[in-house]
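# Inside the fold
Letter by letter, the chains look like this.
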Amino acid sequence: MFNLVKMNFYRLFHQKSFYVCIGVTALIGWFMVFLVWMTPVMEEKAREARALAQEGRDTAAGDFQTGFFVGFSGGEDDEYAEAAPVLEEFNVSDFTCEFCYSGFNVILLSVVVSLFVNSEQKRGYIKNLGGQIKPRGMFIAAKLPVILFEVIAVYAAALLSFALFGRIYYNKFTWGDAAGAGKILLLQILLGVALGALVMLFCTIARNAAAGILVGVAVNMTSILYDFISRLAVAYLGAPEGFSISTYTVEYYLMNAVEASDTARAVTVGLVYLLVAAGLGWLFMEKRDIA
């Protein structure tokens, strides 16, 4: 088992797609910081452009920038709408929590795990080792430490990106409620590993990275389906009013703020998903043809 884990880490550190995904995570962090910083700047320039336009400047005759900012403000007749609040102090913890609930984390985790899990099929080493390793389910168990590392790496890349670009764009900088953010990140890591185990299961069954990536995309769009199922349960199965099946899914807690009273349920959901997905993956690997 230990040698399998070492081999998996070796593959991960020599896999270019892993570093690309970490780079994309850092880029998303920069974009989130830049967007929050840029919005008040754009609105201020729009107000200045409106004032120039009202003074009689021809914004259509060559002054593209002024015309653009007037367009950004939404027109030239009415007073500019209420401005977005200017962020006076950059809070790393707040931005990290926003990343956790953005849905980007689910897609990134699905992609990075899918590409890693599928690489054994792509490179064919499972065909050489499958007949030597007993039980073959150890192939699944040996991937879990690597998935844990990938999840931590994704969140660490986002956190460091926020810290770096927050210092660049803002004069006032704080780490915020580090203890509270730490608790959220620990829960997110557990849920991320559970999601990774689910993605690994689909990749193992389909022998294709696309299946795992599809899981990450699909869970971002399941709210309508969950709402419909919940309404059916309330109407025909006697479920209590306000019942929501989504609160029993790992993606719900990955993409929504978890109240203190719901932490135990979130942990339970994460552990159940992790154990069931890993267990089914183990059983499937035992039964499947590895050729």
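Residues numbered from 1 in each chain as written. Predicted model: local features only at pLDDT ≥ 70, side-chain atom pairs only at ≥ 80, totals over all residues. Heavy atoms only, no water.

### Structural notes on the overall build of the protein chain
Counting secondary structure elements, the protein chain contains 13 helices and two strands. The buried share of the protein chain, reckoned over its 291 residues, is 43%. Residue pairs at least 24 apart in sequence account for 80% of intrachain contacts in the protein chain once pairs closer than 6 positions are excluded. Accessible surface for the protein chain amounts to roughly 15600 Å². Of this, 64% is attributable to carbon and sulfur atoms. (Helix = DSSP H or I, 4+ residues; strand = E, 2+ residues; numbered from the N terminus. Buried < 20%, exposed > 50% of the residue type's maximum accessible area, 1.4 Å probe, protein only. Contact = heavy atoms within 4.5 Å. Areas by Shrake-Rupley, 256 points an atom, 1.4 Å probe, with all protein chains shown as cover.)

### Observations concerning the packing of aromatic side chains
Taken as a whole, this structure holds twelve aromatic pairs when the rule is applied. Counting every residue linked through ring pairs, the aromatic cluster contains Phe 9, Phe 13, Phe 18, Tyr 19 and Phe 149. (Phe/Tyr/Trp six-rings, centres within 6.5 Å; stacked < 30°, edge-to-face > 60°.)

### Remarks on the nonpolar core
With 60 residues, the main nonpolar core has Phe 90, Phe 99, Val 151, Val 154, Tyr 155, Phe 162 and Leu 254 as its most contacted residues. Val 151 has contacts with Leu 109, Ile 189, Gly 192 and Val 193, leaving out every residue within four places of it along the chain. (Core = buried A, V, L, I, M, F, W, Y, C linked by side-chain atoms within 4.5 Å.)

### Here we look at the environment of Ala 157
Among the structural elements, Ala 157 can be located in helix H8 (residues 144–169). Sequence separation between Ala 157 and Ile 22 is 135 residues; the distance between their C-alpha atoms is 6.3 Å. With near-sequence residues (within four places) excluded, Ala 157 lies in contact with Ile 22, Thr 25 and Ala 26.

### Quick word on a nonpolar patch on the surface
On the surface, Leu 225, Phe 228, Ile 229, Leu 232, Tyr 236 and Leu 237 cluster together into a nonpolar patch covering about 670 Å² of accessible area. Within the secondary structure, Phe 228 is located in helix H11 (residues 223–236). (Patch = residues over 30% accessible without salt bridge, like charges linked within 9 Å, V, L, I, M, F, W, Y side chains within 5 Å. Salt bridge = Lys/Arg side-chain N within 4 Å of Asp/Glu carboxyl O.)

### Digging into the packing of helix H1 (residues 2–13) against H8
Running from amino to carboxyl end, H1 crosses H8 at an angle of 35°, the nearest separation of the two axes being 9 Å. Relative to H8, the crossing made by H1 is right-handed. Across the interface between the two elements, Val 5, Asn 8, Phe 9, Leu 12 and Phe 13 of H1 pack against Pro 145, Val 146, Phe 149 and Glu 150 of H8. Among the residues forming the contact of H1 with H8, the class breakdown is seven nonpolar, one polar and one charged. (Axes fitted to C-alpha atoms, helices over the stretch in contact; angles between N-to-C directions. Left-handed = near helix turned anticlockwise from the far one by under 90°. Nonpolar A, V, L, I, M, F, W, Y, C, P; charged D, E, K, R; others polar.)

### Notes on the environment of Ile 152
As for its position among the elements, Ile 152 is in helix H8. What makes Ile 152 partly exposed here is its relative accessible area of 39%. Sequence separation between Ile 152 and Val 193 is 41 residues, and the spatial gap between their C-alpha atoms is 9.3 Å.

### Observations concerning the packing of helix H4 (residues 92–100) against H8
H8 packs onto H4 with a crossing angle of 140° between their chain directions and a minimal axis gap of 9 Å. Classed by the angle they form, the pair H4 and H8 counts as oblique. The element H4 and its partner H8 pack so that their crossing is right-handed. On H8, the residues that touch Val 92, Phe 95, Thr 96, Phe 99 and Cys 100 of H4 are Val 154, Tyr 155, Ala 158, Leu 159, Phe 162 and Ala 163. Of the residues assigned to the contact of H4 with H8, the class counts are ten nonpolar, one polar and no charged. (Parallel < 35°, antiparallel > 145°, perpendicular 65-115°, else oblique.)

### Topic: the confidence of the model for the protein chain
For the protein chain, the mean per-residue pLDDT works out to 77, and 75% of the residues sit at or above 70. For the protein chain, the element scoring lowest by mean pLDDT is helix H3 (residues 64–73), at 44; H8 scores highest, at 90. Scored below 50 in pLDDT, residues 58–84 shows 40 contacts in the model against residues more than four places distant or in partner chains. (pLDDT = per-residue confidence, 0-100.)

### Some words on the environment of Val 250
In this fold, Val 250 is placed in helix H12 (residues 250–255). Sequence separation between Val 250 and Leu 274 is 24 residues, and the spatial gap between their C-alpha atoms is 9.6 Å. Val 250 has contacts with Leu 191, Ala 194, Leu 195, Val 269 and Tyr 273, leaving out every residue within four places of it along the chain.

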